[in-house]
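What follows is each chain in one-letter form.
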Amino acid sequence: MELAQVRLLVTDFAACYRFYAEVLGLKPQSGATEGPYEKFSPSTGAAGIALQDRAMMAGILGELGDAASGHRSLVVLRVDALDSYCEQITARGAELLHGPAPMTDRMRVAHLKDPEGNLVELQEWLLLRA
């Protein structure tokens, strides 16, 4: 078994597309800016994040027609230089909710939301200090 992607069901597809492509800098697979589906990949690794239009999935599973409420997901992205990356994405319109700040002795994190309110955690892994 292999994890192919994490898929987020979104209502404002175009806004979310811009966020993941232009603000976070992930590479879109096809350039389908208006949906109903797009997969985004980081510069390294095999797994990706995909967006799917919520209304399209509601046609298959009717219960998905209701608007999402609360935090139902947390997308985690690892970056090498957290402070620098946060400066870049805030310059492109991201609003940090928290950090960059230590989370444990092995990790620093920052948190933000995408246009649909999905939480995004940015992680910088640290070497253990002896």
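A. Region of the structure containing the overall build of the protein chain. Along the protein chain, the regular secondary structure elements total 3 helices and 8 strands. The burial tally for the protein chain puts 38% of its 130 residues in the buried class. Put simply, the protein chain shows about 8,000 Å² of open surface, and 53% of that area lies on carbon and sulfur atoms.

B. Looking closely at the confidence of the model for the protein chain. Overall, the predicted model of the protein chain reaches an average pLDDT of 87, with 89% of residues at or above 70. Averaged pLDDT values for the elements of the protein chain fall to 83 in helix 2 (residues 54–58) and rise to 97 in helix 3 (residues 82–91).

C. Broad picture of the nonpolar core. Grouped together as the largest cluster of nonpolar side chains are 26 residues, with contacts concentrated most on Y20, L24, L51, I89, L112, V120 and L122. A per-element tally of this core places helix 1 (residues 13–23) first, with 7 residues. Setting aside its immediate chain neighbours within four residues, L112 contacts F19, L24, I89, A94, E95, L96, L97, N118, L119, V120 and L122.

D. Expanded view of the sheet that holds strand 4 (residues 48–53). Strand order across the open sheet formed by 4 strands is 1-4-3-2, with mixed pairing between neighbours. Sheet topology places strand 1 (5–10) and strand 2 (27–28) at the edges, where each strand pairs with a single neighbour. Across 4 bridges, the pairing between strand 3 (residues 37–41) and strand 4 is antiparallel. Bridge pairing in strand 4 places Y37 opposite Q52. Against the sheet, helix 1 engages strand 1, strand 2, strand 3 and strand 4, with an angle of about 165° to strand 4.

E. Focus on the environment of M103. By the element assignment, M103 lies in strand 6 (residues 96–104). Sequence-wise, M103 and E124 are 21 residues apart; in three dimensions their C-alpha atoms are separated by 9.9 Å. Apart from residues no more than four positions distant in its own chain, M103 is found in contact with R108, V109 and E121.

F. Up close: the pairing of strand 6. Two elements, strand 6 and strand 7 (residues 107–113), share 5 bridges in a ladder whose sense is antiparallel. Among the inter-strand pairings, T104 is bridged to a residue of strand 7, identified as M107. With antiparallel pairing between neighbouring strands as the criterion, strand 6 and strand 7 make up a hairpin whose turn holds 2 residues.

G. Local environment of helix 3. By the burial criterion, the buried members of helix 3 are L82, Y85, C86 and I89. Around the axis of helix 3, the buried residues are gathered within 100° of arc, so they sit on the same side. For helix 3, the exposed residues set more than 90 degrees away from the buried face come down to E87 and A91. Elements in contact with the buried residues of helix 3: helix 1, strand 6, strand 7 and strand 8 (119–125).

H. Geometry of the pairing of strand 7. In terms of residue burial, strand 7 counts as a mostly covered element, since 6 of its 7 residues are buried. Where strand 7 folds back on strand 8, the antiparallel hairpin that results is connected by 5 residues, among which G117 adopts a positive phi of roughly 95°.

Rules used throughout
- Residues numbered from 1 in each chain as written.
- Predicted model: local features only at pLDDT ≥ 70, side-chain atom pairs only at ≥ 80, totals over all residues.
- Heavy atoms only, no water.
- Helix = DSSP H or I, 4+ residues; strand = E, 2+ residues; numbered from the N terminus.
- Buried < 20%, exposed > 50% of the residue type's maximum accessible area, 1.4 Å probe, protein only.
- Areas by Shrake-Rupley, 256 points an atom, 1.4 Å probe, with all protein chains shown as cover.
- pLDDT = per-residue confidence, 0-100.
- Core = buried A, V, L, I, M, F, W, Y, C linked by side-chain atoms within 4.5 Å.
- Contact = heavy atoms within 4.5 Å.
- Pairing = 2+ DSSP bridges.
- Axes fitted to C-alpha atoms, helices over the stretch in contact; angles between N-to-C directions.
- Arc of directions from axis to C-beta.

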